[in-house]
Amino acid sequence: MRYRQLTTGTLALGVILLIDVLRVWLPGIITIFGQAASTPAELMGAFALGWFVLALGAPAVVRRVGARPVVVVAAVVLALARLALTAAPGGRTQLWLATAGLLAGLVWLIGVAADTDRPVPGLALGFAVNAALHAVWDTVDVVWWGTWVAWLFSSVVVLLFLLGTAQPVARAGDGGARAWLLAGPALLLAGMVALSPALARTGMSYLFAGNGVAGSPLFGLAPVPVAVAAFLFTASTRPPRGWGRAYGPVALLVGALLFALDRGDLLIPAVLLAAVGLGACLALTDDDNRPNETAETEPTGAGSGTTSDVTSATAARRGYAVAIGMLVFALGAVGYYSAYDLGYPNAAVPVVVAGLVAVVAFTAQPVVQWLPGPFPPLRAAAAVTALALLAPVVADEVPVASNRDGPPERLTVVAYNIRMGFGLDGRFDLTGLTEVVERQRPDVVLLSEVDRAWLLNGGHDTLDVVADRLGMPYVFAPAADPVWGDAVLSRWPMDDARSLPLPAVGAPTGAQALGVTLDLSDGVRTAVVSTHLQPPPGQGPVVQARAVADFAIRYAAGRPLVVAGDMNTEPGDEAFEQFTAAGLVDALAAARPLATSPADDPREQIDHIFVSAGLTPSDPVAPLSTASDHLPVAVTVTLPPR
């Protein structure tokens, strides 16, 4: 194996490990370090940014002691942290393991930059393989599995990474700073848009419903292999000359703009255009500023820092470039997602980051003599695409509802705020979540705080995974943006789905009411409305409650009706009384007081189920579980006689 191939492969493996750590660390900011909507967003943002700012000191350390010792030590810490996280310990242990892995990964990347003048092949391969694996894992990374398969896979990747790090490195030339600067912004855009399997599947699900809502899609992950192939091929081939070089920056900007429009029907073109554009922009920075072909065959000593071909100033320049680029990643991620706590417009964030990438790429010196990369572009793209092609086959399941023999006499309804799938200990606990729901033997499940692609929460499609495990198809409606909202899952067919955006009344996170109609066969139909009220600071959600009650009554049009969700109001409050004033009955009244939040010490009655007067509720319960910060509520309703 040529040293360039070894360097590229090791860089790709390190990038995969770093992204894995980020998918644990980022959610830990709001599920372990703080609590969304209670811990100040500014404090959580300062915690997140602090580690990236601290990494800005790493280039000085590299310059003083040499790149090699820094790379080896940081690689070992990154590998051990990633392996330890496979145990998913939860709590502060998980947070600090992930933090150690993050900081080590940043320092490792800065050290690698000192001795690497051509990072684009390794970065692109790492981004693409990680996206393909994330899709094959059904967007639930092996770090959360807790099985022998997870340990085996993690151990193999860590071992290969450490073996590659232990080998001598190739000589480096004077270029690469521009490409290293784009490492962080490219990681942000890949995780948010271009190479996000969860976003691709969510986009597909909007094509299977209409009326601004999403349904269970067929082959929802089908766009992922296309995006991976387009990204990796454009990143590894020679860019056009002249104004043809602009196609990548333009495609990336258009993809970011489509994403920023917050429309579910535009997510698929946003993903594909961003993938093509991001790969092409990286290729524009893959310059030919390399000294000569000796860099392909002459390694430096295992104990050396930079080589005679590159000055310490050049190494430091690359180190600072990657450190600043990763700081851009952190600023973009924190800036985009904290808007849902602080309430400022965030659509410009991905567009600005895409603009930065486009400008840096387009103003790069045009390649005069293109040198082939370490791996043949077609073969590399085909191999990774083949891996991604497994996703629609092994990870896409489509639960199908069908009419049973005759209408049922009763329906069991469960309403649950699932907090993006993260338990009180900060673990991504879909097993605990689905087990507590399944014990109720539900016919209908209404979910709040459903996240389908937020990078800040690990980039999972939580809804599709939960639906697969419960064996129930879903209808999803957006609230904050196209990938965050509420859902209804049902064992009976659903139709006539409609969503009503609710007045914001000063609350930064959006809210909506989703209505679906259950077809119980023989002409028997029941209306179900799922919502999550978001009260303005210091007030109750009175205006939103009134809007939901009015919408639900109109939508049901005289049919039996169930309204449920996280209402953020207690019995006797003015907002609660909006539902009873509309003629709805508190289905949990027989079990009052029935506190549901916080899950480990319930004190507040804020999760509710209301039914129309014709339905008879029984067996209300809030089963204990710490798979979320709320308890689920469940009730069995007897349908009116036909």
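Worth saying up front: this structure is predicted, and the values here are computed from it rather than measured.

We now examine the packing of helix α9 (residues 183-194) against helix α13 (residues 267-285). When two helices pack together, their arrangement is captured by the angle between the axes and the distance separating the axes. Two elements in contact, α9 and α13, have axes whose closest approach is 9 Å; the angle formed by their N-to-C orientations is 160°. Between α9 and α13, the interaxial angle falls into the category roughly antiparallel. When you trace α9 past α13, the crossing you get is left-handed. Contacts between α9 and α13 involve A186, L189, A190, V193 and A194 on the former and, on the latter, A270, V271, A274, A275, L278 and L282. Residues that form the contact of α9 with α13 fall into these classes: 11 nonpolar, no polar and no charged.

This part covers the environment of P392. Positionally, P392 belongs in helix α17 (residues 377-394). Placed 257 residues apart in sequence, P392 and A135 show a C-alpha to C-alpha distance of 8.3 Å. The residues contacting P392, other than those within four sequence positions of it, are F219, L221, A222 and P225.

Read across the open sheet, the six strands follow the order β6-β7-β8-β9-β11-β10; overall the sheet is mixed. Bordering the open sheet on either side are β6 (494-501) and β10 (585-586), each of which pairs with just one other strand. Here strand β9 (residues 561-566) runs beside strand β11 (residues 607-611); their pairing, made up of five bridges, is antiparallel. Residue pairing for β11: V563 is matched across the bridge by F610.

A word on the packing of aromatic side chains. Taken as a whole and assessed by the stated rule, the structure comprises 24 aromatic pairs. Here the aromatic rings of Y336 and Y340 are separated by 6.2 Å at their centres, their planes lie at 80°, and the arrangement is edge-to-face. Of the two residues examined, Y336 and Y340, each falls in the buried class. Note on W454 and W484: the rings are 4.7 Å apart at their centroids and 20° apart in plane angle, and the pair reads as stacked. Placement of the pair is W454 in the loop between β3 (444-451) and α19 (462-470) and W484 in strand β5 (residues 484-490), with a sequence separation of 30 residues. Both residues of the pair, W454 and W484, belong to the buried class. Three or more aromatic residues joined by ring pairs make a cluster, and in this case those are W25, F33, F47, W51, F52, W96 and F329. Stacked on the ring of Y555, the Lys or Arg R559 has its end atom at 5.7 Å from the ring centre.

Turning to the sheet that holds β5, a few remarks are in order. In spatial order, the strands read β1-β4-β5-β3-β2-β13-β12; together these seven strands make up an open sheet with mixed pairing. Every other strand in the sheet has two partners, leaving β1 (214-215) and β12 (616-621) as the edge strands with one partner each. Bridging between β12 and strand β13 (residues 633-638) involves four bridges; their strand directions are antiparallel. Paired with T616 across the strands is T638, a residue of β13.

Further remarks concern the nonpolar core. Looking at soluble globular proteins, one finds that nonpolar side chains tend to be buried together. Residues W25, W108, W180 and L489 are the most contacted members of the largest nonpolar core, which totals 160 residues. Broken down by element, the residue count for this core peaks at 16 residues, all from helix α1 (residues 3-33). Counting 32 residues, the second-largest nonpolar core is a separate cluster that includes L446, W492, L518 and A587.

As a further point, take unusual backbone geometry. With an omega of -5°, the peptide bond between R592 and P593 qualifies as cis. Within the secondary structure layout, P593 lies in the loop between β10 and β11. Note the cis peptide between S597 and P598, where omega equals -10°. Along the polypeptide, P598 turns up in the loop between β10 and β11. Although it is not a glycine, D496 adopts a positive phi angle of roughly 55°. Assignment of secondary structure puts D496 in strand β6.

Together, W145, W148, V149, L152, V156, L159, L160 and L163 line one region of the surface with nonpolar side chains, adding up to about 780 Å² of accessible area. Along the chain, L160 turns up in helix α7 (residues 148-166).

Here we come to the pairing of strand β4 (residues 474-481). A large share of β4 lies buried, amounting to six of its eight residues. Pairing of β1 with β4, which is carried by two bridges, proceeds in the antiparallel orientation. Across the sheet, G215 pairs through a bridge with V475, a residue of β4. Relative to β5, β4 is paired through six bridges, and the arrangement is antiparallel. Bridge pairing in β5 links F476 to A487. Hairpin connection between β4 and β5: a loop of two residues separates the two successive antiparallel strands.

Moving on: the packing of helix α5 (residues 91-114) against helix α14 (residues 312-337). At their nearest, the axes of α5 and α14 sit 7 Å apart, and the two run at 145° to each other. Every pair of crossing elements has a handedness; the one defined by α5 and α14 is right-handed. Where α5 abuts α14, its residues L106, L109, I110, A113 and A114 lie against A315, R318, G319, V322, A323 and M326. Along the lines of polarity and charge, the residues of the contact of α5 with α14 split into nine nonpolar, one polar and one charged.

Looking now at the pattern of salt bridges. The final tally for this structure, using the stated rule, is 16 salt bridges. Among the ionic pairs, D461 bridges to R201, the shortest N-O distance being 3.0 Å. In this pair, D461 is assigned in the loop between β3 and α19 and R201 in helix α10 (residues 197-206), connecting sequence segments 260 residues apart. The same class applies to D461 as to R201, namely buried. One salt bridge connects E409 with R410, and the closest N-O pair in it is separated by 3.6 Å. With relative accessibility at 58%, the residue E409 sits in the exposed group. Counted as one network, the salt bridges with shared partners bring together D138, R201, D396, R452, D461 and D464.

A few words on the confidence of the model for the chain. Reading fine detail from the predicted coordinates is not recommended where pLDDT is low. For the chain, per-residue confidence averages 91 on the pLDDT scale, and 94% of positions sit at 70 or higher. In the predicted structure, residues 288-310 sits below a pLDDT of 50 and forms 53 contacts with residues beyond four places in sequence or in another chain.

Each value, and the rule that gives it
- Residues numbered from 1 in each chain as written.
- Predicted model: local features only at pLDDT ≥ 70, side-chain atom pairs only at ≥ 80, totals over all residues.
- Heavy atoms only, no water.
- Axes fitted to C-alpha atoms, helices over the stretch in contact; angles between N-to-C directions.
- Helix = DSSP H or I, 4+ residues; strand = E, 2+ residues; numbered from the N terminus.
- Parallel < 35°, antiparallel > 145°, perpendicular 65-115°, else oblique.
- Left-handed = near helix turned anticlockwise from the far one by under 90°.
- Contact = heavy atoms within 4.5 Å.
- Nonpolar A, V, L, I, M, F, W, Y, C, P; charged D, E, K, R; others polar.
- Pairing = 2+ DSSP bridges.
- Phe/Tyr/Trp six-rings, centres within 6.5 Å; stacked < 30°, edge-to-face > 60°.
- Buried < 20%, exposed > 50% of the residue type's maximum accessible area, 1.4 Å probe, protein only.
- Lys NZ or Arg CZ within 6 Å of the ring centre and 35° of its normal.
- Core = buried A, V, L, I, M, F, W, Y, C linked by side-chain atoms within 4.5 Å.
- Patch = residues over 30% accessible without salt bridge, like charges linked within 9 Å, V, L, I, M, F, W, Y side chains within 5 Å.
- Areas by Shrake-Rupley, 256 points an atom, 1.4 Å probe, with all protein chains shown as cover.
- Salt bridge = Lys/Arg side-chain N within 4 Å of Asp/Glu carboxyl O.
- pLDDT = per-residue confidence, 0-100.

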